[in-house]
Amino acid sequence: MSNSGEKAFYLTTPIYYVNDAPHIGHAYTTVAGDVLTRWHRQRGESVWFLTGTDEHGQKVMRTAQQNDTSPQAWVDNLVESAWKPNWHSLNIANDDFIRTTEVRHTERVQRFLQGLKDAGHIYAGKYEGPYCVGCEEFKLPGDLIDDKGEKLCPVHSKPVEIVNENNWFFRLSAFVEPLLEHYRRNPEACQPESARNEVLSFLEGGVSDLSISRSTFDWGIPVPWDRDQVVYVWFDALLNYATAVGLGDDPSSEGGKKFAQTWPADVHLVGKDILRFHAVIWPAMLMAAGLAVPKKVFAHGWLLVGGEKMSKSKLTGIAPSEITDHFGVDAFRYYFLRAIPFGTDGSFSWEDMSARYTSELANDFGNLASRLAAMVEKYCAGVLPAPSNDPGLESFLTATVEKADAAICALDFQGGINAIMEFCKRVNGYVTEKQPWVLAKDPANQSELESVLYNTAESLRALAVLLNPVMPATCEILWQSLGAEKVLGAIGNQEIGKVSTWGQLPEGAIVQKSAVLFPRLEVGE
Ligand code: MSP
């Protein structure tokens, strides 16, 4: 991010519990965040992309105990051996990674809490009620499923525990009206529409104050004025979005400047399971502190296995490597955003993924790239002929860029990727129709042949730039194959707004065959 003082497009993912290694549900959110931030960077914007880990609370503490280790040793090990390496292998370009056990976080949380207490938003009370450790959530009796007299959490299908403690409470109920007004006035602040409706009806039903501390265990941030209590894990965790960018720091300090450049966050990306925390509790905390609320909370759907939310606790979690070992990282990044409307639940199936891999990636995209390189090599000695144009392709591209940009900025990844892949199909149609291999048989057609090859190369230049946020490693190979880097610079610096300017590849660019972009899948796997 530049230091120009310009407001950055600030996007966050949830910070994930480190009771276990990541599965493809976690990867789904993180890849979506990565694609969106890469897209905004290519729009020429300054961007800040945060992810991280949620390390306190009973869920993590108990897992460490079950593994005969301390919570700190457990989280240190998992973050370094599983979480960070996973994001690295998926090519996630986050600008920062926050861990809630870091001092930069704990100190700022304590300062924030003290501020709320001093301003009268926190009071002592007694909490008695059901709690799900899997969700780390105080439940309402009406939220639970009755299983022969036993009360189960509907998300985890496990019995809830009854908490009975003297705790500190946050006056959440005082913010119901301001929140309702906020969402009524700013429909874009909670998306998609179904999520916004859920939040509105939840708020309209009335909200009680929230217990924000726990006294029966110590794995958490100490409440600054009452060391017998630790901060409730969600109150601690939600603050990561602001502590990571300097919450509460002096405006002239490094942290203060970062805060001014990033806050309020532009998008908090979350799964629909944690919508209420983000769209009710979090903005209320910010309102209480007199801070701006996030511009948008977007709740996506769940990846389902057997019709239920895929999760490690139900032993249905699939590790990203199980898929990337077979299909490659870029196909993984592409598939989930392409196949499932963002905001809707979707089932993962090997059959569907194989089918799309073969038809959309290997045939439509990969083959187009390899055919072009082979033909330029064969008919033009690997040297790109002079610029030419085709009004049909050009206008299709202009419309594609507009459509894709509008869709992706609205987090409609499927719509955006579809638009780009339609252009890819259109270019394949162009090549099929022009039949350059037939033109090549008669030297009289040389200039027409060159024109077809140039237009195809230009189309591939545009495809590489547009698909780069989704499949950066593949598009980099294509970029090199088109000889584009030398003349146009790094692919990541190509602006979306300039993609449809035709004729950017110059005559004489050296086009070379590359490794196959999407190799044939092994039969029988
Ligand atoms: N630690 C909290 C979040 C705190 S944010 C201040 C938490 N962590 S989690 O490890 O359970 O991860 C939750 C997020 O992972 C979900 O919101 C969602 O983004 C993603 N997913 C986890 N399972 C998923 C699916 N089966 N499908 C899609 N996304 C899923 O909650």
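Everything numeric in this text was worked out from a predicted model, so none of it was measured.

On to the overall build of the protein chain. Across its full length, the protein chain holds 19 helices and 18 strands. For 525 residues, the compact-globule estimate of 2.2 N^0.38 gives 24 Å, and the protein chain sits close to it at 26 Å. Taken over the C-alpha atoms alone, the protein chain extends approximately 90 × 55 × 40 Å along its principal axes. Burial statistics for the protein chain: of 525 residues in total, 56% are counted as buried. Element-wise, carbon and sulfur atoms account for 50% of the exposed surface of the protein chain, whose accessible area totals about 21,100 Å². Of the side-chain charges in the protein chain, 47 are positive and 66 negative, and the distance between the mean point of each set is 1 Å.

A complete count under the given rule lists 30 salt bridges for this structure. Among the salt bridges present, the one from Asp 266 reaches Lys 295, with a minimum N-O distance of 3.2 Å. Here Asp 266 is found in the loop between helix 9 (254–262) and strand 14 (267–271), whereas its partner Lys 295 is found in the loop between helix 10 (275–288) and strand 15 (297–300), with 29 residues between them in sequence. The exposure class assigned to Asp 266 is buried, which follows from its relative accessible area of 13%. Several salt bridges share partner residues, and in doing so they unite Arg 338, Asp 352, Arg 356 and Glu 360 into one network.

Further remarks concern the sheet that holds strand 10 (residues 210–211). Sheet architecture is open: four strands sit in the order 5-4-8-10, paired in antiparallel fashion. Both outer strands of the open sheet, strand 5 (137–138) and strand 10, are each paired with one neighbouring strand and no more. Sheet analysis places strand 8 (residues 161–170) next to strand 10, joined by two bridges and oriented antiparallel. Bridging from a neighbouring strand, Phe 169 pairs with Ser 211 of strand 10.

This brings us to the UniProt feature "domain: Methionyl/Leucyl tRNA synthetase" (unreviewed entry) in the protein chain. Under the UniProt annotation, the feature "domain: Methionyl/Leucyl tRNA synthetase" (unreviewed entry) is placed at residues 10–141 and 153–372. Secondary structure across residues 10–141 comprises 48% helix and 25% strand; the distance between its end C-alpha atoms is 37 Å.

Sheet strands pair by backbone hydrogen bonding; their relative direction is either parallel or antiparallel. Here six strands make up an open sheet; going across it, the order is 3-2-1-14-15-9 and the pairing parallel. Of all strands in the sheet, those with a lone pairing partner are strand 3 (96–99) and strand 9 (190–191), marking the two edges. Where strand 14 lies against strand 15, four bridges are found, and the strand directions are parallel. When the sheet's bridge partners are listed, Leu 269 is paired in strand 15 with Phe 298. Sheet contacts for helix 1 (residues 24–42): strand 1 (9–17), strand 2 (47–54), strand 14 and strand 15; angle to strand 1, the most-contacted strand, approximately 165°.

Taking the largest bend as the criterion, helix 13 (residues 350–380) deviates by roughly 35°, centred on Ala 362. The positive-phi residue at the C-terminal boundary of helix 13 is Ala 381, with phi of around 55°.

What follows concerns the site of the ligand. Around the ligand there are 25 residues in total, and Ile 15, Thr 29, Asp 54, Leu 303 and Met 310 lie nearest to it. One of the backbone N or O atoms of Gly 25 is found 3.3 Å from a nitrogen atom in the ligand. Asp 54 has a polar side-chain atom sitting 2.7 Å from a nitrogen atom of the ligand. About the coverage of the ligand: the protein hides 96% of its 670 Å² of free accessible area. Elements with a minimum of two residues in the shell around the ligand: strand 1, helix 1, helix 7 (233–238) and helix 8 (240–243). Looking at the shell around the ligand residue by residue, the class counts come to 13 nonpolar, nine polar and three charged.

With their axes 10 Å apart at the nearest point, helix 5 (residues 176–185) and helix 10 run at an angle of 110° to one another. Viewed along their axes, helix 5 and helix 10 adopt a mutual orientation that is roughly perpendicular. Here helix 5 contributes Pro 178, Leu 179, His 182 and Tyr 183 to the contact with helix 10, which in turn contributes Ala 279, Val 280, Pro 283, Ala 284 and Met 287. Along the lines of polarity and charge, the residues of the contact of helix 5 with helix 10 split into eight nonpolar, one polar and no charged.

Conventions and cut-offs
- Residues numbered from 1 in each chain as written.
- Predicted model: local features only at pLDDT ≥ 70, side-chain atom pairs only at ≥ 80, totals over all residues.
- Heavy atoms only, no water.
- Helix = DSSP H or I, 4+ residues; strand = E, 2+ residues; numbered from the N terminus.
- Rg over C-alpha atoms; globule rule 2.2 N^0.38 Å.
- Buried < 20%, exposed > 50% of the residue type's maximum accessible area, 1.4 Å probe, protein only.
- Areas by Shrake-Rupley, 256 points an atom, 1.4 Å probe, with all protein chains shown as cover.
- Lys, Arg positive; Asp, Glu negative; His and termini not counted.
- Charge placed at Lys NZ, Arg CZ, Asp CG, Glu CD.
- Salt bridge = Lys/Arg side-chain N within 4 Å of Asp/Glu carboxyl O.
- Pairing = 2+ DSSP bridges.
- UniProt positions renumbered as here; feature names shortened; annotations may be inferred.
- Contact = heavy atoms within 4.5 Å.
- Axes fitted to C-alpha atoms, helices over the stretch in contact; angles between N-to-C directions.
- Bend = angle between axes of the 7 residues up to and from the residue.
- Near = heavy atom within 4 Å.
- Polar contact = N/O pair within 3.5 Å; in protein donor to acceptor, adjacent residues only side chain to side chain.
- Nonpolar A, V, L, I, M, F, W, Y, C, P; charged D, E, K, R; others polar.
- Parallel < 35°, antiparallel > 145°, perpendicular 65-115°, else oblique.

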